Amino acid sequence: MVAKVKEEGKKIAARKKTEKSSKHKTHQNSYKVERVKTGIFGLDKLTQGGFVKGSSVLVSGETGTGKTIFCLQYLWEGLKNDESGVYITLEESAEEIKKDALVFGWDFEKYEKEGKFKIIEKNVFEDTNLEFFEIDELKAKRVVIDSVSLLSLFIEDKSSMRNKMRELIKSLKERGVTVLLTSEIVGEGFSRLGVEEFLADGIIVLKFTPIGTEAGRSLFIRKMRRTNHFEDMHPIEIGKKGLRILSV
Ligand SMILES: Nc1ncnc2c1ncn2[C@@H]1O[C@H](COP(=O)(O)OP(=O)(O)OP(=O)(O)O)[C@@H](O)[C@H]1O
Ligand SMILES: [Mg+2]
């Protein structure tokens with residue numbers, strides 16, 4: 001009898017040990033949000049350390065609010081830290097994009113020659129296919145698509161656009177890429193068809209409202225899944241080194 005009780009006691013102790021170690025394991029495996037530095041001065045402080053790695057972020061704003069500069073600065077940050085990048089431009093030419101960047105001293109050509117960066121001019125007038133082998137070829141960690149609004153002009157209806165965007169975001173996520181998609185705001189909402197904002201994990205809104213002699217540029221984070229973030233409007237400036245949040 002005593003032997004039986006001892007045996008039972010041993011079994012309970014062994015089970016508790018297993019439970020304890022599996023609890024520990026669960027804790028070790030708990031989901032940790034990895035971050036990608038945004039490169040925008042001050043923005044990482046507003047987003048608990050940067051964009052969520054592998055997420056998609058919509059950079060929305062009216063014309064001239066700094067969407068392209070924002071995206072170039074993001075890619076430049078990656079290149080400085082040995083993360084290759086691809087810039088897919090649907091509107092401006094590759095040459096224009098490079099010139100836009102050079103104004104801030106970002107010489108992308110250097111990285112292009114090293115095979116770490118590529119600008120792809122995508123003509124959506126010809127076709128709306130958005131598969132780019134260059135992303136795999138360069139093992140890109142950062143991708144920009146500027147702008148998805150143009151795409152929405154060529155895709156007949158909202159459901160096709162939603163499907164297209166879903167497929168695009170899914171394929172980039174499978175590759176572990178953190179992607180920025182720019183979107184024009186015309187009137188209400190954050191995009192032309194009102195589709196992109198629901199699919200993207202994050203939305204950053206850029207604004208430009210001149211007040212008297214002040215430039216009146218600002219930024220706010222409309223959403224950012226899987227992270228806490230500041231919710232208020234922040235004044236920004238486009239200086240010699242690019243975009244900067246003035247309130248942090
Ligand atoms: N060196 C600079 N210093 C300060 N402001 C600048 C500088 N270069 C550009 N800007 C400002 O940034 C604006 C252009 O930024 P950007 O091209 O990123 O805007 P965008 O939102 O992409 O515009 P679009 O919708 O037309 O593509 C200019 O209109 C100007 O106001
Ligand atoms: Mg632009």
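Residues numbered from 1 in each chain as written. Chains lettered and ligands numbered in written order. Predicted model: local features only at pLDDT ≥ 70, side-chain atom pairs only at ≥ 80, totals over all residues. Heavy atoms only, no water.

Participant: Where do I start with the overall build of the chain in this structure?
Facilitator: A tally of helices and strands in the chain yields nine helices and 11 strands. Taking all 248 residues of the chain together, the buried fraction comes to 45%. If you sum the accessible surface of the chain, you get close to 13900 Å²; carbon and sulfur atoms cover 52% of it. (Helix = DSSP H or I, 4+ residues; strand = E, 2+ residues; numbered from the N terminus. Buried < 20%, exposed > 50% of the residue type's maximum accessible area, 1.4 Å probe, protein only. Areas by Shrake-Rupley, 256 points an atom, 1.4 Å probe, with all protein chains shown as cover.)

Participant: Just to check I follow, could you spell out the site of ligand 1 for this structure?
Facilitator: In the vicinity of ligand 1, the residues found are E62, T63, G64, T65, G66, K67, T68, I69, V103, F104, R217 and I238. Here T63 contributes a side-chain N or O atom positioned 2.8 Å from an oxygen atom of ligand 1. One of the side-chain N or O atoms of K67 is found 2.8 Å from an oxygen atom in ligand 1. If one sorts the elements of the shell around ligand 1 by residue count, helix α3 (residues 67-80) sits on top with three residues. (Near = heavy atom within 4 Å. Polar contact = N/O pair within 3.5 Å; in protein donor to acceptor, adjacent residues only side chain to side chain.)

Participant: For this particular structure, what's the right way to read the packing of aromatic side chains?
Facilitator: Describing an aromatic ring pair means giving the distance of the ring centres and the angle of the ring planes. On inspection of all chains with the given rule, the structure shows six aromatic pairs. Seen in terms of ring centroids, W76 and Y111 are 5.4 Å apart; in terms of plane orientation they differ by 80°. Their pairing is edge-to-face. Remark: Y111 occurs in helix α5 (residues 108-113) and W76 occurs in helix α3; sequence separation between them is 35 residues. The pair formed by W76 and Y111 is uniform in burial state, with each residue classed as buried. Joined through ring pairs, the aromatic side chains of W76, F108, Y111 and F117 make up one cluster. Its end group placed over the ring of F208, R217 keeps NZ or CZ at 4.3 Å from the ring centre. (Phe/Tyr/Trp six-rings, centres within 6.5 Å; stacked < 30°, edge-to-face > 60°. Lys NZ or Arg CZ within 6 Å of the ring centre and 35° of its normal.)

Participant: What is the right way to read the side chain of T47 from this model?
Facilitator: Structurally, T47 can be placed in the loop between α2 (43-46) and β2 (51-52). A relative accessible area of 0% places T47 in the buried class. Each residue touching T47, except ones within four places of it in the same chain, is listed here: R35, I221, M224, T227, N228 and H229. (Contact = heavy atoms within 4.5 Å.)

Participant: It is not clear to me how the nonpolar core should be interpreted in this structure. Could you clarify?
Facilitator: Among soluble globular proteins, nonpolar side chains are generally buried collectively. In terms of nonpolar packing, the biggest core is built from 35 residues, with L43, F51 and F70 touching the most fellow members. If we ignore the near neighbours within four places in the chain, the residues touching F51 are E34, R35, V36, T38, L43, V57, F70, Y74, T178, L180, I204 and M224. Core analysis: the next-biggest nonpolar cluster, separate from the first, contains 33 residues, L130, L138, V143 and L199 among them. (Core = buried A, V, L, I, M, F, W, Y, C linked by side-chain atoms within 4.5 Å.)

Participant: What am I meant to see in the pairing of strand β3 (residues 56-61) here?
Facilitator: Every other side chain in a regular strand lies on the same face of the sheet, so the side chains alternate between the two faces. Of all six residues that make up β3, six are buried, and the element is covered over most of its length. Pairing of β3 with strand β8 (residues 202-208), which is carried by five bridges, proceeds in the parallel orientation. Its bridge partner being in β8, V59 is matched across the sheet by I204. (Pairing = 2+ DSSP bridges.)

Participant: What am I meant to see in α3 here?
Facilitator: Given 3.6 residues to a turn, an α-helix orients residues that are three or four positions apart in the same direction. Over its 14 residues, α3 extends 20 Å from the first C-alpha to the last, a length consistent with the 20 Å expected when each residue adds 1.5 Å. Of all the 14 residues making up α3, 13 are buried; the element is thus mostly covered by neighbouring parts of the structure. Of the residues one or two after α3, D82 is the one with positive phi, at around 65°. (Expected span 1.5 Å × (residues − 1).)

Participant: Just to check I follow, could you spell out helix α8 (residues 158-174) for this structure?
Facilitator: A rise of 1.5 Å per residue sets the reference length of α8, with its 17 residues, at 24 Å; its end C-alpha atoms lie 24 Å apart and thus fit the reference within 8%. Directly after α8, the chain includes G176, whose backbone phi takes a positive value near 75°.

Functional significance is not addressed by these values, which are geometric in nature.
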